[in-house]
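Single-letter residue listing:
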Amino acid sequence: MGTTLYTASVPVFIHYLQQLHATLRVAENHERRTGRPLVRAALAEGMFPFAQQVTTACSFAVRACCPLLAADLPVLAGGDQDWDQLRARIAATVDFLEEVPEERIDAAENMQVVTTAGLVSPVFSGRDYVVSYALPNFFFHLVTAHAILRNHGVPVGKEDFDGYHQYQAGFSFPQAK
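Now for a quick tour of the structure. (Residues numbered from 1 in each chain as written. Predicted model: local features only at pLDDT ≥ 70, side-chain atom pairs only at ≥ 80, totals over all residues. Heavy atoms only, no water.)

Focus: the packing of aromatic side chains
For step 1, the next point in the chain: Evaluated as defined, the whole model comprises nine aromatic pairs.
For step 2, the next point in the chain: Ring centres of Phe-60 and Tyr-133 lie 5.8 Å apart, and the angle between their planes is 65°; this geometry places the pair in the edge-to-face category. Here the residue Phe-60 occupies a position in helix H2 (residues 50–69), and Tyr-133 occupies one in helix H5 (residues 126–151), the gap between them amounting to 73 residues.
For step 3, the next point in the chain: Given the relative accessible area of 6%, Phe-60 is considered buried. (Phe/Tyr/Trp six-rings, centres within 6.5 Å; stacked < 30°, edge-to-face > 60°. Helix = DSSP H or I, 4+ residues; strand = E, 2+ residues; numbered from the N terminus. Buried < 20%, exposed > 50% of the residue type's maximum accessible area, 1.4 Å probe, protein only.)

Some points on helix H3 (residues 83–98)
For step 1, the next point in the chain: For H3, spanning 16 residues, the distance from its first C-alpha to its last is 23 Å, which sits close to the expected 22 Å at 1.5 Å a residue.
For step 2, the next point in the chain: Within the span of H3, buried status applies to Trp-83, Leu-86, Arg-87, Arg-89, Ile-90, Ala-92, Thr-93, Val-94, Phe-96 and Leu-97.
For step 3, the next point in the chain: On its buried side, H3 packs onto helix H1 (5–34) and H2.
For step 4, the next point in the chain: The distance from a side-chain oxygen at the start of H3 to the backbone nitrogen of Asp-84 is 3.1 Å, and the residue carrying that oxygen is Asp-82. (Expected span 1.5 Å × (residues − 1). Contact = heavy atoms within 4.5 Å. Polar contact = N/O pair within 3.5 Å; in protein donor to acceptor, adjacent residues only side chain to side chain.)

Considering the environment of Ala-64
For step 1, the next point in the chain: Following the sequence through the fold, Ala-64 ends up in helix H2.
For step 2, the next point in the chain: With a relative accessible area of 1%, Ala-64 lands in the buried category.
For step 3, the next point in the chain: Taking the C-alpha atoms as reference points, Ala-64 and His-21, separated by 43 residues in sequence, lie 20 Å from one another.
For step 4, the next point in the chain: With near-sequence residues (within four places) excluded, Ala-64 lies in contact with Phe-13, Tyr-129, Val-130 and Ala-134.

A word on the environment of Ser-121
For step 1, the next point in the chain: Looking at the secondary structure, you find Ser-121 in the loop between strand E1 (112–114) and strand E2 (123–125).
For step 2, the next point in the chain: Exposure remark for Ser-121: the relative accessible area of 48% places this residue in the partly exposed category.
For step 3, the next point in the chain: Here the alpha-carbon distance between Ser-121 and Ala-51, two residues 70 residues apart in the chain, equals 27 Å.
For step 4, the next point in the chain: Aside from chain neighbours lying at most four places away, what touches Ser-121 is Val-114, Thr-115 and Thr-116.

Thoughts on the nonpolar core
For step 1, the next point in the chain: Leu-17, Phe-50, Leu-97 and Phe-138 are the most contacted members of the largest nonpolar core, which has 53 residues in total.
For step 2, the next point in the chain: When residues of this core are traced back to their parent elements, those giving at least two are H1, H2, H3 and H5.
For step 3, the next point in the chain: In this structure, Leu-17 is in contact with Cys-58, Ala-61, Ile-90, Thr-93, Val-94, Leu-97 and Phe-138, ignoring residues within four places of it in sequence. (Core = buried A, V, L, I, M, F, W, Y, C linked by side-chain atoms within 4.5 Å.)

Comments concerning the packing of H1 against H5
For step 1, the next point in the chain: As a packed pair, H1 and H5 sit with axes 11 Å apart at the nearest point and diverge in direction by 10°. When the axes of H1 and H5 are compared, the pair comes out roughly parallel. Contacts from Leu-5, Ala-8, Ser-9, Val-12, Phe-13, Tyr-16, Leu-17, Leu-20, Thr-23 and Ala-27 of H1 reach H5 at Gly-126, Arg-127, Val-130, Val-131, Leu-135, Phe-138, Phe-139, Leu-142 and Leu-149.
For step 2, the next point in the chain: Tallied by class, residues from the contact of H1 with H5 come to 15 nonpolar, three polar and one charged. (Axes fitted to C-alpha atoms, helices over the stretch in contact; angles between N-to-C directions. Parallel < 35°, antiparallel > 145°, perpendicular 65-115°, else oblique. Nonpolar A, V, L, I, M, F, W, Y, C, P; charged D, E, K, R; others polar.)

Structure representation (structure tokens):
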């Protein structure tokens, strides 16, 4: 079976959010050891801080699915004020994603999706919306969150980001269902 819109997105979001969830514990422990605050840390002035990068990555995972499901964006638990709220937001996002019906995502491959990006409102097919807009934005914010941690001395690496080291005999994403 080839890659479907669902398999290219929902299990990918879940996998990387679970990795991010695990990374939060490392970051929180580093903050406790060093006394160096991380939740509001940023790479550069004017950039979103770590917590907002995390919640924005979560938002893009949800925003990728809702238009394809013809559903309103849910109000998710958690927030961006502290480590517990960030963990709750990631967990709520994963819970939402685990309930996304595979067949409905795949059926929306050719539907028209209009979104707002800054001052423009691009129009995409369902597939292009996910592949060319939602996934890249999700990974931008995920990678930036990881880079903020690295920049502030948190001992995390690529294996923490992608989790490939967990798979001894070939890599495969866990099934979302």
